[in-house]
Amino acid sequence: MEELVRQACEEKQARIQDLALSLALPDAVFTILFYNVHNRQMGPFPFCDPIPLTVLEQTFGPFEVEIWRMRASALLGDAFAVGDAWFGDHATYARIRAEYEAKHRGFSADTYKDAVHYGIWQAR
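Conventions adopted
Residues numbered from 1 in each chain as written. Predicted model: local features only at pLDDT ≥ 70, side-chain atom pairs only at ≥ 80, totals over all residues. Heavy atoms only, no water. Disulfide = S-S within 2.5 Å. Helix = DSSP H or I, 4+ residues; strand = E, 2+ residues; numbered from the N terminus. Buried < 20%, exposed > 50% of the residue type's maximum accessible area, 1.4 Å probe, protein only. Core = buried A, V, L, I, M, F, W, Y, C linked by side-chain atoms within 4.5 Å. Contact = heavy atoms within 4.5 Å. Axes fitted to C-alpha atoms, helices over the stretch in contact; angles between N-to-C directions. Parallel < 35°, antiparallel > 145°, perpendicular 65-115°, else oblique. Left-handed = near helix turned anticlockwise from the far one by under 90°. Phe/Tyr/Trp six-rings, centres within 6.5 Å; stacked < 30°, edge-to-face > 60°. Lys NZ or Arg CZ within 6 Å of the ring centre and 35° of its normal.

### Topic: the state of the cysteines
Turning to step 1, where the next piece is worked out: On inspection of all chains with the given rule, the structure shows one disulfide.
Turning to step 2, where the next piece is worked out: Each sulfur in the disulfide pair Cys9 and Cys48 lies 2.1 Å from the other. Residues Cys9 and Cys48 share a disulfide whose torsion about the S-S bond is about -85 degrees; that sign makes it left-handed. Within this pair, whereas Cys9 is found in helix α1 (residues 2-21), its partner Cys48 is found in the loop between α2 (25-37) and α3 (57-60), the two being separated by 39 residues in sequence.
Turning to step 3, where the next piece is worked out: Overall, the relative accessible area of 12% leaves Cys9 in the buried class.

### Points about the nonpolar core
Turning to step 1, where the next piece is worked out: Counting residues in hydrophobic clusters, the biggest one holds 31 residues, and the most contacted among them are Val29, Phe30, Ile32, Leu56, Leu75, Tyr100 and Phe107.
Turning to step 2, where the next piece is worked out: Secondary structure elements with two or more residues in this core: α1, α2, α4 (62-77), α5 (79-86), α6 (90-103) and α7 (109-123).
Turning to step 3, where the next piece is worked out: If one sorts the elements of this core by residue count, α2 sits on top with eight residues.
Turning to step 4, where the next piece is worked out: Every residue in contact with Val29, bar those within four places of it in the chain, is listed here: Leu53, Leu56, Val65, Trp68, Arg69 and Ala72.

### Quick notes on the packing of α5 against α6
Turning to step 1, where the next piece is worked out: The contact between α5 and α6 brings their axes to 8 Å, and the two run at 165 degrees. Here α6 runs roughly antiparallel to α5, going by the angle between their axes. Here α5 and α6 pass one another in a crossing that is left-handed. Judged by residue contacts, Ala79, Ala81, Val82, Ala85 and Trp86 of α5 engage Tyr93, Ile96, Arg97 and Tyr100 from α6.

### Digging into the environment of Glu3
Turning to step 1, where the next piece is worked out: Mapped onto the elements, Glu3 comes out in helix α1.
Turning to step 2, where the next piece is worked out: Taking the C-alpha atoms as reference, Glu3 lies 24 Å from Val37; in sequence the two are 34 residues apart.

### Concerning the side chain of Asn36
Turning to step 1, where the next piece is worked out: With respect to the element layout, Asn36 can be found in helix α2.
Turning to step 2, where the next piece is worked out: Excluding residues within four positions of it along the chain, Asn36 makes contact with Gln41, Pro50 and Ile51.

### Things to note about the packing of aromatic side chains
Turning to step 1, where the next piece is worked out: Taken as a whole and judged by the stated rule, the model has six aromatic pairs.
Turning to step 2, where the next piece is worked out: Ring centres of Phe34 and Tyr118 lie 5.7 Å apart, and the angle between their planes is 85 degrees; this geometry places the pair in the edge-to-face category. Of this pair, Phe34 sits in helix α2 while Tyr118 sits in helix α7, and the two are 84 residues apart along the sequence. Each member of the pair, Phe34 as well as Tyr118, carries the same accessibility label: buried.
Turning to step 3, where the next piece is worked out: For the ring pair Tyr118 and Trp121, a centre distance of 6.0 Å and an interplane angle of 15 degrees mean the geometry is stacked. With Tyr118 and Trp121 both in helix α7, this residue pair falls three residues apart, about one helical turn.
Turning to step 4, where the next piece is worked out: A residue is classified by how much of its surface remains accessible, and Tyr118, at 12% relative accessible area, is buried.
Turning to step 5, where the next piece is worked out: Residue Trp121 is classed as partly exposed on the basis of its relative accessible area of 32%.
Turning to step 6, where the next piece is worked out: Ring pairing ties together the aromatic residues Phe30, Phe34, Tyr118 and Trp121, which thus form one cluster.
Turning to step 7, where the next piece is worked out: Across the ring face of Trp68, the terminal group of Arg71 is positioned such that the distance to the ring centre comes to 4.6 Å.

All quantities given are derived from atomic positions and should not be read as evidence of function.
So, in structure tokens, the structure goes:
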């Protein structure tokens, strides 16, 4: 059983890493960070280990990865306010989401969508 869990984790981590390496740097960092702080901890225990952001450094460089780590962390950190607004007035939500995306420029539409869904999950 332990071997099956290890193998499933390795396969999931490989899929996330391959996806990240196919994306632009901001979205690549977000994809791994989002997996580490949220997705890998969903479902029943045991949880897979986090993927180190160093897997991106050979392709993008350590300084650039660190800059986008800070930006992606801020994007996730501010997601709750957008998610909380989603449950309220739609006019307020549209304004807050637009301000959120303007504050955290540089990510793709898919990344913003994932971050907002994370905020909605947090606010539920």
